[in-house]
Structures are given as C-alpha cells and as structure tokens.
Amino acid sequence: MAYEIIESCVNCWACEPLCPSQAIFDARPHFRIDAKKCTECEGDFADPQCVSICPIEGAILSPFGEAANPPGSLTGIRPERMAEVMAEIQAR
Amino acid sequence: MELTVIGQTAGEAAEGGCSSSGCGGSSDQLSHLPEHIRAKVHNHPCYSEEAHHHFARMHVAVAPACNIQCHYCNRKYDCSNESRPGVVSEVLTPDQAVKKVMAVAANIPQMTVLGIAGPGDPLANPERTFETFRQLTEKAPDIKLCVSTNGLTLPDQVEELCKHNIDHVTITINCVDPDVGAKIYPWIFWNNRRIKGRKGAEILIKQQQKGLKMLTERGILVKVNSVMIPGVNDAHLEEVSKVVKANGAFLHNVMPLIAEAEHGTFYGVMGQRGPTHGELQALQDQCAGDMNMMRHCRQCRADAVGMLGEDRGDEFTMDKVENMEIDYESAMQRRAEYHASIEANREAQKQQSGQAFVALSSLQLKKKETRPVLMAVATSGGGVINQHFGHAKEFLVYEASMTDVRFIGYRKVDLYCSGGDSCGDAETTLQKIIRALEGCEAVLCSKIGYEPWEQLETAGIQPNGEHAMEPIEEAVAAVYAEMAGNGQLDEARETAQLQIGA
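Definitions and cut-offs
- Residue positions within a chain follow its written sequence, with the count starting from 1.
- In the order they appear in the text, chains get letters beginning with A and ligands get numbers beginning with 1.
- Side-chain atom pairs in this predicted model are given and counted only at pLDDT of 80 or more, local residue features only at pLDDT of at least 70, and totals for whole chains, interfaces and linings cover all residues.
- Only heavy atoms go into the side-chain values, all of them from the structure, while hydrogens and water stay out.
- A run of DSSP states H or I qualifies as a helix once it reaches four residues; a run of E qualifies as a strand once it reaches two. Both are numbered from the N-terminal end.
- Per-residue accessibility, obtained with a 1.4 Å probe over protein chains only, is compared with the maximum for each type, and a residue is labelled buried under 20%, exposed over 50%, and partly exposed between these values.
- Only the protein chains shown count as cover for residues, and all accessible areas are computed by the Shrake-Rupley method using a 1.4 Å probe.
- As a rule, the C-alpha atoms of each element are fitted with a line to give its axis, helices using only the stretch in contact, and angles between N-to-C directions run from 0 to 180 degrees.
- By convention the crossing between two helices is left-handed if the near helix lies anticlockwise of the far one by an angle smaller than a right angle, and right-handed if it lies clockwise.
- Any two residues having at least one pair of non-hydrogen atoms within 4.5 Å are treated as being in contact.
- Classes in brief: Ala, Val, Leu, Ile, Met, Phe, Trp, Tyr, Cys and Pro nonpolar; Asp, Glu, Lys and Arg charged; the others, Gly included, polar.
- Computed with a 1.4 Å rolling probe, the buried area is the accessible surface lost when two parts are put together, summed over both parts.
- Basic side-chain nitrogens of Lys or Arg form a salt bridge, by our definition, when they fall within 4 Å of a carboxyl oxygen of Asp or Glu.
- Contacts described as polar in this section are N or O atom pairs within 3.5 Å, which, within protein, must combine one atom able to donate a hydrogen with one able to accept it, while residues neighboring in sequence count only if both atoms come from side chains.
- Scored from 0 to 100, pLDDT reflects the predictor's confidence in each residue.
- DSSP bridges decide pairing: two strands pair if at least two such bridges lie between them.

A. Geometry of the overall build of chain B. Helix and strand content of chain B: 16 helices and 16 strands. Going through the 502 residues of chain B one by one, you find that 57% of them count as buried. For chain B, the accessible surface area stands at approximately 20400 Å², while carbon and sulfur atoms represent 49% of it.

B. Structural view of the packing of helix α8 (residues 237–246) of chain B against helix α10 (residues 277–288) of chain B. Residues and elements named next belong to chain B. It is the contact of α8 with α10, at a shortest axis distance of 9 Å, that shows an interaxial angle of 35 degrees. Along this stretch, α8 crosses α10, giving a crossing that reads as right-handed. Counted together, L237, E238 and S241 of α8 and L283, Q286 and C287 of α10 form the full contact between these two elements. Its residues placed into classes, the contact of α8 with α10 shows three nonpolar, two polar and one charged.

C. The arrangement of the interface of chain B and chain A in detail. Between chain B and chain A, the residue contacts involve 26 residues of the former and 28 residues of the latter. In total, about 2100 Å² of surface goes out of reach between chain B and chain A, with carbon and sulfur atoms giving 58% of it. It is B:N192, B:R194 and B:V269 in chain B that bury the most area against chain A; as a group they hold 26% of the surface buried on that side. On the surface where chain B and chain A come into contact, there are two salt bridges. Here A:R92 makes a salt bridge to B:E262, at a shortest N to O gap of 3.2 Å. The interface formed by chain B and chain A includes eleven residue pairs in polar contact (both at pLDDT 80 or more). For the side of chain B that touches chain A, a count of residues per class yields eleven nonpolar, eight polar and seven charged.

D. Layout of the confidence of the model for chain B. With 83% of its residues at a pLDDT of 70 or more, chain B shows a mean pLDDT of 82. In the predicted structure, residues 356–366 of chain B sits below a pLDDT of 50 and forms 21 contacts with residues beyond four places in sequence or in another chain.

E. Expanded view of the pattern of salt bridges. Residues and elements named next belong to chain B. On inspection of all chains with the given rule, the structure shows 21 salt bridges over all chains. Ionic pairing is found between E50 and R346, a salt bridge with its closest N-O pair at 2.6 Å. Separated by 296 residues along the polypeptide, E50 in the loop between α2 (35–41) and β1 (56–59) and R346 in helix α12 (residues 328–364) bring together distant segments of the chain. Its relative accessible area of 12% is what places E50 among the buried residues. When its relative accessible area of 3% is taken as the criterion, R346 is described as buried. The partner of R295 in a salt bridge is D285, and the shortest N-O contact between them spans 2.9 Å. Here R295 is found in the loop between β10 (293–294) and β11 (305–306), whereas its partner D285 is found in helix α10, with ten residues between them in sequence. For R295, a relative accessible area of 8% puts it in the buried group. On the basis of relative accessible area, D285 is assigned to the partly exposed category, the value being 30%. One connected set of salt bridges, linked through shared partners, spans D285, R295, E399 and R406.

F. Representation of the sheet that holds strand β14 (residues 405–412) of chain B within the structure. Residue and element names in this part refer to chain B. Spatial ordering of the open sheet is given by β14-β13-β12-β15-β16, a layout of five strands whose pairing is mixed. Looking along the sheet, the strands with just one partner apiece sit at the ends: β14 and β16 (462–464). This sheet shows a mean twist of 25 degrees between the axes of neighbouring strands, independent of strand direction. On top of the sheet, helix α14 (residues 450–458) reaches β15 (440–444) and β16; it is set at about 140 degrees to β16, its chief contact. Sitting on the sheet, helix α15 (residues 472–485) touches β12 (373–377), β13 (394–400), β14, β15 and β16, and the angle it makes with β12 is about 135 degrees.

Put into structure tokens, the structure is as follows:
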C-alpha cells in the first residue's frame, strides 16, 4: 500500500527530503511517489511525512484513494465558503 | 523661542537628540543608530529609506518549500500578474539563480543586494538557499546577501548563516501571543508532525524570538516584518515592536495585509479586510515611540528585480538570461563607478536639503504654529522629483511639519484599488488616483496635464510641477513654506500665540 501524489501538487519540494524511503521523486507535471518504495512511514514516523507537510489539500491520496488532507483541513476555509466565493468571482 | 530643526546640516542631523524614527527627517531615519549599523545599511534599499531612492535589489525564487501555513498566503504560488510576497513566476535551481543574479547585476548598475525570500521559507529549503549563497559569495563578492524567514528553524541554522557572509536577516513576526498566533497560523510542521492551532503558534513564537536573539548576539542585523491584520493583531503589534526591540531587532516593518478573494488565501476568502492608509500610519507612529520603523516597503514578489517601486523581472526570465553574455569583472567595475557617482550625488543632496531646512527654520521665526501637511511625490528614483504625474505607478507620501519633513509611506495607483468594497466599476483611473491620495494636500511631480490638474485641484489636492529635478525633501519643505506663507496652515494659530506669550 502507498500514498499517491496527484495533479494538484504544486511541486514545492517540501515532501521530497522528508521521505524516509526516498520514494518521492521530482517529476513533471508533478512530483510522484514510487508505490513500490512507499512504506507509509511505518516504523519510521508516527505520521506519514509527505502528508504532514503538504500545503495543498487533496494533493496526496491515502492508500484508500481518499484525500489525505481533505478540503478545509489545512487552510481552515470551509469547502462551502470556498465554492461560494469562487462562484462570486466567476460571476463578475 | 528656539526650535530644534532636525536635518539642518548633515552633521547636526546625525546627532539628533530624538531617539525615535517618528522624529527626524526621513533621510535621517536611522541616524541615531551606531555607526557600524549605519555603514551596513547605507546602500541597502530595503533597510534604508534614503538608500531606496538610489539602489536596487533582487530576489531569487529558489525556495519553494514551506514549513508553516499563514492565513494571508496561498501556496499555489505560480501567478504571473500579481506583485505580492510569496508569488513568483518560475522557481529556480541554485545554478539558474546564480546566472540570473550575474545577469541582473551586469545590467542594473544600481543593484547592491540579493535576497532570498521564498516563495516558501528560505530556511525550509536550506540546501537550495545556502548553495545559492555559497556560489554568489565567490562569484559576486560585491553583492550583499540577505534572507527572510518565518523563523521556525532559524535557531538551528544560525551557524550556517554566519558562514555565508550574510549580514542582514528579516524575520516575519506577527505576534508574541499564541492566542493571537492561532488566528494567523493554522499549522506548523515541527519534529515530523503537523501541529495545529495555538500549540503550533506557541512553538513558532518561541523559535522566532530565540533565533532573533542568537542572530543579534552574532552581530547580524535583524529587521522584523509584521503583517497588520485589523481585528486580529493590530492592537497587539505595539507589544510585538517592544519585544523584538528588546531582543535585538534594529528595524520594524509593519506592512498592510493584502487580502483579495481571488488570491484564494484564508483571509481573502473569508473577507478579512486590510488596514486603511490612515490605520497603518497610526500604528506605525505608535510603534515609533519605541522602535525604528520602516515605511518604504513595497511588499515585493519573491522574484522581484530592480528598484523597490518597479519590477523588471520580465527582462530577466530564465530563457532571456541563458542567452545573455556577461562579463562580470567589467560589470563589477562599472557598478563600483556608478555607485561612487550615486554617493557623490547623495552627498550633494544632503548639503542642498540642509539649505532647505534653514529656509524652513526661518519660517518659524514668524512664530506661527502651522499644522502638518501630507504631500504626494512622483519620482522614478534618485531622490528627486522627476516623474510625470501620468507616468507614476506609485506616489511617495511625505509629511511636512514645522520641524521636519518625514517619509510616511507610499500609495500604489495601478494594481490594486485600496478601498475594497468602496471600489466602484465606473471609476476612472484618475478618480482612483485621487482616492489613493486621500489625505494629501499637494502632489509634486515633474509635469502634469491640464485635465488631471483641474480634477486634483477640485479634490483639494494642489498639483505642483515647479520643483522638477529638485531633491524631494527640499521641494516638500519649500511647498510647505509656501503654503504656510499663504496662510493656508494657520489652523493652530491661537495655540501658537499662547505659547509665544508664555
């Protein structure tokens, strides 16, 4: 089982040096996790390191395919509020 | 009756008896500091208000990673049309950054300073940051190096910083109280965990103050940046100013929050407003009782290039830089000569502005109390009034009073409307400019067209093109003297007479 980085990743490099298994690598359009190497930090850290520093909600999927940092969990902006404001901006 | 006229001569100004930056001509903002500090900031545009008229800086965006989240920052930093901290167009490798610095330094002779300021936290990217510094120390020895940080990992990196000949560090400190911090920082990354809320803020605050003390003990100059967030930390920043001063910071830069919904930041999306010009100035003045305040910060991008008011980043994108042929040795020679001529010019201006203050003091012999006046100035650099009204993208604001002329801040007139919800769609550019200049009673520029002249006058802002190419402070003092002479500033006449009677 492994974490996965998806397209909303902004390539900020924060996770790469933290990975105890060197499973994360610089790729384009976005960074990737080598599923064969990822250990979910088992035995090394209490929390998965990439998930713990990633600033972008939804950019890392858990082994179950869910957002490891779900919408609102990092910025504190409730998803409904975000949707409302984005709609307002679109309507301008 | 004897009034101290600060700035009368260069020598007197340097010994001015006032210990706060709120007092003293703006060119003497740092005049009470020890000589070794003044020498260090003398040609640093971000640390010396006077130097920013003459010298240029650049930031290289080599540091994308961050270890905290701030509510005024959106980590999707890849925007091209905005100018604010944390935003860049391309992240560079250290090698690319060094190439870019050499190219810019060869082409912009005013350049004195290279800073690393993001778009994340430079010290959360230690390898990239220090590799850039290491190469530049060797290849561009005449460029000053500086770095900005949120301070979280600062204590662990002070030793390394000292190795790289960095004598300026900026720490962004928005609070010294974790309860305030919890409203600004949703999380930090610390000891391999994400720590949310008050607990995270508490660790960050401790690290910041510890790092600040360690740097000062090693003789590194520290400036503190604080973002003023109305209703969150505005009432708290005076305390912050006192604490950071006690811990060794030599300069405090209180900046207005930039928050627009389209930036996608927490504050932007939640509708948190930024401070008005008046609120910012009032807070800066309050802090100035204890601390040197910086008021000329332009809150530039993490890849800004050029003089503070301008961004020439577009001229130095990596694809352009790759094709530039740089003879750095001869560029360095040219730059040294250019800097020498700037210095000669600054010295001459100091002499001249001394005369202006004498003129101002002779005005006071009339023993008339006159109120202070704000004036806007259009300048493209060099410390003189040399810009056409219509070409100004920003105006510098000065306050003239009976005792001195001091720099207050700047007003941007192109990118953002400053008023938030009061910003109407049908507003013309000129109306927007007039609103941005709110509180100013005169605008000094090299030239101005008939139409804006009329509208400015109607709005109570007197346009003035009579001081083109004159040093700013001298011109402001002259206009003030003229206004006083015309009896425009007599509001407080009665009190003045009372004082004279006593």
